[in-house]
Every structure is written in structure tokens, then in C-alpha cells.
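Each chain is listed here by its residues.
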Amino acid sequence: MSSGIGPALVELSGVGKTYDGTHWAVADLDLSVRRGEFLTLLGPSGSGKTTTLMMLAGFERVSTGDIRLDGGSLADKPPHRRNMGVVFQNYALFPHMTVARNLAFPLAVRGIRGAAAEARIADALALVNLDGLGDRRINTISGGQQQRVALARALIFGPDVVLMDEPLGALDRQLREKLQVEIKQIQRRTGITVIYVTHDQAEALAMSDRIAVFADGRLQQVDTPRAIYDTPANAFVAGFIGENNRLDGIVVERSDGRCTIEIAGGATVRARATNGLATGDRAIVTVRPEAVQTGQDAGELANRFDAVVEDRLYLGDHTRIYARLPGGDQVTARSPGAVRHDRIALGWAIDSAFAFAQKETVGGTDG
Ligand code: ADP
Ligand code: MG
């Protein structure tokens, strides 16, 4: 974890939101964000990320629960008194004004004018690598530069927290990756607390101290990127973060945190057992492509199959293999070398595979 992360700064407890009185956009949310932390809300479209950010910013009221900032309830505080910077897609810059005028605006609202404002604007422009661009109009600078101005505008008044909702969503991949690095550097340099929203799992893995994974308005798991990737809490998280093979089956034996699953064709797979799986339960087994060994390397492993290679993609640093197990399940593997045979051995270690309950999410409606 990064140094400089302190005690809880933002605390959501029992937070829920319904817009129509029947459907919960966000439900039962308990989450605390530490001072200096970069925390990302990650989830598919409609999972409640923006709603959570809107409640934090004060643009939407909570239906249940409470949000505290530095120990004090935000319930009766309007947005402009929350001391939070926002970079939202629908919170646009003034397009016909100059960069400097846009940055002067949040300062003026807080009574900062004249030389003090000018000094802050110069500092903010330097922070986001836009020195000298203060006199340019917003509609004459690039999309990437505009996002830097939006970030500067969110930081310039010295907020406790910066909230960002998919700030890089409209940019092409190269620029997005460049700005991911820049935002991360700015966050480290300033020590500011960031609550960031994205649906892009790679972006979340790359930028965050911790990731809060959402599905159906419910928090599924909150942990460091590595812990989320290595030990997903349920089948949804396993499928959403990184890539995973998935085999459906039934638990035929379980003991000591491990279990045996019967999959298609009557074959069995040994895996780590999670969340209270019992013998007879329907289960989903996940194993990452990079954990699947091929050929000689598969020889000694507990889960070993003779598979048919259906496709192979040469990708320079590895070959991606699409194989089919005897029972019909498809398994994708990454092989460091070339694969010439049409039938190969595939295998993976027990602890590389996770068995989850068939119900895929916490509080979800599927399964
Ligand atoms: P995300 O940002 O993860 O895509 P949202 O928070 O925007 O998710 O949406 C969560 C749920 O709330 C969705 O079902 C969405 O349709 C609904 N929702 C969002 N905003 C509104 C609104 N202003 N009025 C009614 N329903 C909304
Ligand atoms: Mg959204």
C-alpha cells in the first residue's frame, strides 16, 4: 500500500438510494475511505457507481443511511459546503471562457480573488502540466487538455476529497493511459483523497490503492487490486476483474477449504472452496488463463486433462490457446511458447482454481 494513507476520512454507513421508491440503485452500502487514499468504485453500467458519487457530492440525497466526512454528517450540507472537488462528465467547463477564468470560478465562489487567485491558478496549471495555457479558450484546446483543466478546477481550492466519474471515458486508449499515470502522480504528489469511478477493470487495477466492486447496487468486495485479482470474493468479481475460465458443476466432496467438483462429462476438478459451499451444491469453478499449464508443465498437476486445441492465437510474447476438455467445456490458456499439436495436456494447481456458489453476486437477483 502507498505510504501516507491515514485513518477514515469518508464513511458511508447503511447508505441506500432509490429514485422511484421500488428499485434500489444503491443498497446497504458500508464503505470507508481513508485520508490520502485512491479508492475506485468499479462495476458494470447501472451498478450504482454514479449514484454513490452523486450522494457523496451532495447532488442526490441518500434514501437511507448516512455519509460522514471527517466524523461530521453531511446530511444537511449542500454540495458547495462539502469541500469536495468534482470531475464529472456532465459537469462541464465553460467552453467560451479561458482556462484561467474556468479555474478562477471555484476560487471566486470561495472568496479568493486577485493576486491570491492568480498564484493558485499558476500552481494548478503547473500541477496538471498546462503551464502557459491560461489564456487559451476551452474550445480551442484538446480533449486531454480539457480533462487536465477539469482536474485542476477540482483541485484548486484545496478540497478534502476529489470525486471523479469516468473522467477518461471519452479519450482514446493512448491518451487515457497517459492521463491515468498523470492523475496517479498528481494524487501522490498532493496526497489528496480520490474517489474514482470507472467500469474499466484495467484502469481500476492500475490506479487504485483499493477497489470497491459494485454489481446491482451492492458492494461485492473492497480490497487492494492484488487481493481482488488473486482472491475474488464471488463468481461475479472473478469474472469481472481480469480474465477467468469458468466451469459449471456440482460439489461432490469438500474438506479443509478445498473441494471436488464434478463438471461436464463426469470429470472432476479440485479447487479452493469459498463462501460456505457444501456437498451437493451447484458451483462455478474459475481458473485464470495464465494459471493453466500446457504440455509437459501440466504433467504433475492435480487438475490435468487431455484437451483438443480448437484455435491458437500467436501474440508475440505468448500464444493464446482455445482448447476443449473431453466433457465439452472450453478452456483458454496462455502458453509461453508455440503450440504445434492439436491435442495437448492442460493442467492447473488446486489453489489456482476457486469454487464459488452458483449465486454470483452479493444481494443480486441472479443464480
Ligand atoms: P452506474 O454509474 O454504475 O452506471 P448509476 O448509478 O448511474 O450506475 O445507476 C444505477 C441505477 O439507478 C440504474 O438502474 C439507473 O437506471 C438508475 N438511475 C440512475 N440515475 C437515475 C435517475 N436520475 N433517476 C432514476 N433512476 C436512475
Ligand atoms: Mg455512471
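Residues numbered from 1 in each chain as written. Chains lettered and ligands numbered in written order. Predicted model: local features only at pLDDT ≥ 70, side-chain atom pairs only at ≥ 80, totals over all residues. Heavy atoms only, no water.

### Considering the site of ligand 1
- For ligand 1, the full set of nearby residues is Tyr19, His23, Ala25, Pro44, Ser45, Gly46, Ser47, Gly48, Lys49, Thr50 and Thr51.
- Tyr19 places a side-chain nitrogen or oxygen 3.4 Å from a nitrogen atom of ligand 1.
- Between ligand 1 and the protein, one listed contact pairs an oxygen atom with a side-chain N or O atom of Thr50 at 2.8 Å.
- Coverage of ligand 1 by the protein chains reaches 59% of its 560 Å² of free accessible surface.
- Sort the elements by how many residues they give to the shell around ligand 1 and helix H1 (residues 49–57) lands first, with three residues.
- Here the shell around ligand 1 is built from residues that sort into three nonpolar, seven polar and one charged. (Near = heavy atom within 4 Å. Polar contact = N/O pair within 3.5 Å; in protein donor to acceptor, adjacent residues only side chain to side chain. Areas by Shrake-Rupley, 256 points an atom, 1.4 Å probe, with all protein chains shown as cover. Helix = DSSP H or I, 4+ residues; strand = E, 2+ residues; numbered from the N terminus. Nonpolar A, V, L, I, M, F, W, Y, C, P; charged D, E, K, R; others polar.)

### Some remarks on unusual backbone geometry
- With a phi close to 55 degrees, Asn83 is a non-glycine residue in the positive phi region.
- Counting through the fold element by element, Asn83 comes out in the loop between strand S5 (72–73) and strand S6 (84–87).
- A positive phi angle, close to 50 degrees, is found at Asp256, a residue other than glycine.
- Turning to its location among the elements, Asp256 is positioned in the loop between strand S11 (245–255) and strand S12 (258–263).
- In this structure Asp256 comes out as exposed when scored by relative accessible area, which is 78%. (Buried < 20%, exposed > 50% of the residue type's maximum accessible area, 1.4 Å probe, protein only.)

### What to know about the environment of Asp311
- Tracing the backbone through its elements, the reader meets Asp311 in strand S16 (residues 303–314).
- Taking the relative accessible area as the measure of exposure, Asp311 reaches 49% and is therefore partly exposed.
- Sequence-distant contacts of Asp311, defined by excluding residues within four places in its chain, comprise Arg320, Ile321 and Tyr322. (Contact = heavy atoms within 4.5 Å.)

### What about the domain arrangement of the chain?
- Domain annotation of the chain identifies domain 1 (8–235) and domain 2 (244–357).
- Measuring from the centre of the C-alpha atoms in domain 1 to the corresponding centre in domain 2 gives 39 Å.
- Residue-level contacts link seven residues of domain 1 with seven residues of domain 2.
- Contact between domain 1 and domain 2 buries roughly 590 Å² in total, counting both sides, with carbon and sulfur atoms accounting for 56%.
- The tally of links between domain 1 and domain 2 comes to zero salt bridges.
- Along the contact surface separating domain 1 from domain 2 lie two residue pairs in polar contact (both at pLDDT 80 or more).
- Here the side of domain 1 that touches domain 2 is composed, by residue class, of four nonpolar, two polar and one charged. (Domains from an automatic or database assignment. Buried area = accessible area lost by both parts, 1.4 Å probe. Salt bridge = Lys/Arg side-chain N within 4 Å of Asp/Glu carboxyl O.)

### Quick look at helix H4 (residues 143–155)
- Given a rise of 1.5 Å per residue, 13 residues ought to cover 18 Å, and the 19 Å separating the end C-alpha atoms of H4 matches this to within 8%.
- Considered for burial, the residues of H4 that qualify are Gly144, Arg148, Val149, Ala150, Leu151, Ala152, Arg153, Ala154 and Leu155.
- The elements touched by buried residues of H4 are S6, helix H2 (99–109), helix H3 (114–127), strand S7 (161–165) and helix H5 (173–190). (Expected span 1.5 Å × (residues − 1).)

### Observations concerning the environment of Glu182
- Relative to the elements of secondary structure, Glu182 occurs in helix H5.
- Apart from the residues within four sequence positions on either side, Glu182 is in contact with Val128, Asn129 and Arg148.

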